[in-house]
Amino acid sequence: MSNPEQTLGVTPPISTTLPTDAEKRQTEALLKELRAQGTFESQAETDKRWAVLADLQRITDEFVKRAAQEKEPHNAILIRDARGRIFTYGSFRLGVYGPGSDIDTLVVVPKYVTVKQYFDIFPNLLVEMAPPGAITDLTPVPEAFVPIIKFEYSGISIDLIFCSIQSLRQLPDDKDWNLNSNNLLRGLSENEVRSLNGTRVTDEILALVPEEKTFKLALRAIKLWAQRRAIYANIMGYPGGVAWAMLVARVCQLYPKATSAVIVRKFFTIMLNWPWPLPVLLKNIEYNQSITRVAVWNPKIYPSDRNHKMPIITPSYPSMCATHNVGRSSMAVIQQELERGVQISEEIMLGKRPWKDLFEKHTFFTNGFKFYLTVISSGRTKEAQNTWSGFVESRVRVLVQKLELHPSIALARPFNKGYDRVHRCKTDAQVEEIQTGNLTYMVKPTDIAANGSAKNDSKVEVKAEIKTEDGVAREPTVPAVKEEPNDVVHLGTVPLKPEDNSVKPEANDYDEDKVKLEDIPEKEPELEIYTTNHYIGLQLVEGAKSLDLSREVDDFKAMCTSNDIFKAELMGLTIQHVRNFDLPDDVFEPGETKPVRPVKKKKRMAEGEHANGPMAKRQQMATAPPTIKSEH
C-alpha cells in the first residue's frame, strides 16, 4: 500500500479533506449493498482459488524441469535449478473478483523454455498432475496473438498465458521476486511484452493509489455499475476491467482522503467532465527507453494514437492505450450513463435514494431502440463455432464503425455480450433457416443439460453470462415437441415410463407377436447447429425514411469470410434487421416487459377527401416507420 501522505498522479490532489460521518455511513451502506448484490464470494471459495494456484505452481515447476531435460538432458545443474513462476493479473490480482470469476494467470519461465514446449508438454502435465477429473474444457489456443491455454480446474475457469524471459537463464529462487523491472522486457516480442504487462500493469495500479481498501471497494461498485449498464467489454468497444480500474485509481489520486462512497460520487462527475481526448494517466509516460521495440503511446508521433477518442493509458512501460477500441457511439453511450450516474449518486449522497438504484439493469432491449441489427455466426460443430464466433465477435466493432459513417444513423450501439444458442434440426433447409435467425429449432438450456448435445458435450457456453455450466446427469429422457405461445417450437423432455418389475413370460422363437429389429423404423439423424447472436441497436437521424445497409453488410461479411479461419462447409454468417417487438424471448429476463407491435390508429380524414387522396398519403408518410434493408 502506498504512503497516504505521498502525492500520486500527474497533478496535485483536488481535495485532501477528511471524510465526514455521513460519508462514512454512505460507504457502509455501499458495502452492504454490494454484498446484497452478490459481488463477494465466501472465504471457502477464495481458499479454493489459492489451492488451485498452489497446484498450478507445482505443475509449472515440473513443466520447466521437463523442458530443461528435453533441452539439455545431460545438464544436471540446469535440470536441478529449473523452476517457473505463476503470476495472476486482472480482477483476481486487484482483489475485486466475485463468485464465478475466472483467474487470469501467467506462466513465467526461463529463456530456454519455448512456446512450442508450452503447448506440447503443459496440457498433458495438467491432466497428469491434477486430481482425477479436476481438469475440464482443456483448450490450447496456440494460434492466438497471445498464446493461451484455457481450462477449468475444479470448476474454476483459468486463462493461462505464457512468457519466456529471454534475459534470465534461470528464475531466481526468491518468493518475493516480481516482474517490476523493465529489464525483464529485453528481447521480448510484442505479444510477450503484452503477456508480461498484464501483471505489471495490475501491480502498478495498486502501487499508485493512496489507499488500497478504498480503491477496491469503489472499483467493485463501478465494475458492477458498468456491467449492469452493458458498457463493460473491451472487445465490443467499451472499457474493459483494467480501463475502469485506472479511471477509479485516478479519482482516488485526486481525492486521497475520501471514502469509497465519495470516490464513486466523484468518479461520475470527474469522468463526465473529462476533456477527452486528453489522456487519463496515473503517472508520467516513460519515453526515451531502448529496452524494447514495442511502441510507447505517443499521439505526437503516431497518427493512430491521435485517433483515440477516450485514451486511458497503462502506467507500466511501454505505456499503451487500453481503450483504443472505443468508438463514437460507445463513447456517446458512456457519456449518457455517466450523466445518469451523476444524477443518481448525488441523490444517494443526500440520502434521497438507495445505492441499489445505481445498479439497475440496462434497458438495451426493453426500451433502448426500435431497430436492431443482429450478427449471426453459426457452426456445425461446437469446436468450429468456438473459433468462428470468437473471430466474428472481435470484428463486430468494425461493422459498428462502418454503420457510424452512414448519413442516416445517429448512433450504432453494440450490446456488450453475445447470445449463444444450440439448435437441433434434420435438413439442410432447416440449417439455412437457423443461420438466418429462425429459433424454431432452438434447444432450451435445460434440455441441453438433461440430454447432452449431439456430440455428448458436457457443457454449452452461454455467452450472455460469460460462464459455462456443467451438464448434470439425468434419468433417461426422450425428446418431445412443445408448442410455445409465440409459435416457437422447442425440444422439451418427458421421462420414460418407470420400469415394470412384474414377472413376465420369457420370449421365445415361437412368439408370433415378437417385434423384429428390421421392423423398427430408424430414427432420422439430427443435426446440431451452434449460433452466436450479437445485437446492435440503431438510432436513426430525425426524418430518416429508409436505410440501405447492403454495402456495409456485404463488406463486413466479405471481410470475415475471406479470413483463413472461415470454413464454408462448417461455418456461416448472416446479418438481419430486427424490430424491437420481434426480439427473441431469451434476451429478456423474468419481470422485463418485451416491446409490443404498435397498433396503427386510423386517422379521421378531412371531410369530402378520398382515403387515397393527398391528405391520406401525407399522413401515411408521416407515420410510417423507416424501411431498413440489410441484405440483397
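Keep in mind the model is a prediction, meaning the values are calculated, not measured. (Residues numbered from 1 in each chain as written. Predicted model: local features only at pLDDT ≥ 70, side-chain atom pairs only at ≥ 80, totals over all residues. Heavy atoms only, no water.)

S.K.: What is the right way to read the overall build of the chain from this model?
M.R.: Scanning the chain for helices and strands turns up 16 helices and 17 strands. Across the 632 residues of the chain, 48% fall into the buried class. For the chain, the proportion of contacts with a sequence separation of at least 24, taken over those separated by at least 6, is 73%. A total accessible area of about 32,700 Å² is found for the chain, and carbon and sulfur atoms account for 51% of it. (Helix = DSSP H or I, 4+ residues; strand = E, 2+ residues; numbered from the N terminus. Buried < 20%, exposed > 50% of the residue type's maximum accessible area, 1.4 Å probe, protein only. Contact = heavy atoms within 4.5 Å. Areas by Shrake-Rupley, 256 points an atom, 1.4 Å probe, with all protein chains shown as cover.)

S.K.: Teacher, can you tell me more about the sheet that holds strand β5 (residues 156-164) here?
M.R.: Paired through their backbone hydrogen bonds, the strands of a sheet run either parallel or antiparallel. Strand order in this open sheet of five strands is β1-β2-β5-β4-β3, and the pairing throughout is mixed. The sheet terminates laterally at β1 (85-89) and β3 (135-141), the two strands that pair on one side only. The mean angle between the axes of side-by-side strands here comes to 25 degrees, regardless of whether they run parallel or antiparallel. With five bridges joining them, β3 and strand β4 (residues 148-153) adopt antiparallel strand pairing. If you follow I135 over to β4, its bridge partner there is Y153. Against the sheet, helix α2 (residues 43-71) makes contact with β1, β2 (103-109), β4 and β5, and its axis sits at roughly 140 degrees relative to β1, the strand it touches most. (Pairing = 2+ DSSP bridges. Axes fitted to C-alpha atoms, helices over the stretch in contact; angles between N-to-C directions.)

S.K.: Explain the packing of helix α7 (residues 212-228) against helix α9 (residues 260-272) to me, please; I cannot follow it from the model alone.
M.R.: For any two helices packed against each other, the geometry comes down to the angle between their axes and how far apart the axes lie. Their axes nearest at 8 Å, the elements α7 and α9 cross at an angle of 50 degrees. Our classification of the angle between α7 and α9 gives oblique. Here α7 runs over α9; the crossing is right-handed. Contacts from K213, T214, L217, A218, A221, I222 and W225 of α7 reach α9 at S260, I263, V264, F267 and F268. Here the contact of α7 with α9 is built from residues that sort into nine nonpolar, two polar and one charged. (Parallel < 35°, antiparallel > 145°, perpendicular 65-115°, else oblique. Left-handed = near helix turned anticlockwise from the far one by under 90°. Nonpolar A, V, L, I, M, F, W, Y, C, P; charged D, E, K, R; others polar.)

S.K.: Explain the packing of aromatic side chains to me, please; I cannot follow it from the model alone.
M.R.: Each aromatic ring pair is described using two quantities: the centre-to-centre distance and the angle formed by the ring planes. Throughout the structure, instances matching the rule amount to 28 aromatic pairs. Seen from their ring centres, W244 and F267 are 6.2 Å apart, and the 50 degrees between their planes marks the pair as tilted. On the criterion of sequence distance, the pair formed by W244 in helix α8 (residues 241-254) and F267 in helix α9 is long-range, its members being 23 residues apart. Comparing W244 with F267, the two get one shared label, buried. (Phe/Tyr/Trp six-rings, centres within 6.5 Å; stacked < 30°, edge-to-face > 60°.)

S.K.: Any chance you could explain the UniProt feature "binding site: ATP" (unreviewed entry) in the chain here in plain terms?
M.R.: In the UniProt entry, the feature "binding site: ATP" (unreviewed entry) is given for D102, I103, D104, D159, K223, Y232, G241 and V242. Mapped onto the elements of the fold, D104 is located in strand β2. With residues near it in sequence (within four places) discarded, D104 still touches F87, T88, Y89, G90 and D159. Locating Y232 in the fold gives a position in the loop between α7 and α8. (UniProt positions renumbered as here; feature names shortened; annotations may be inferred.)

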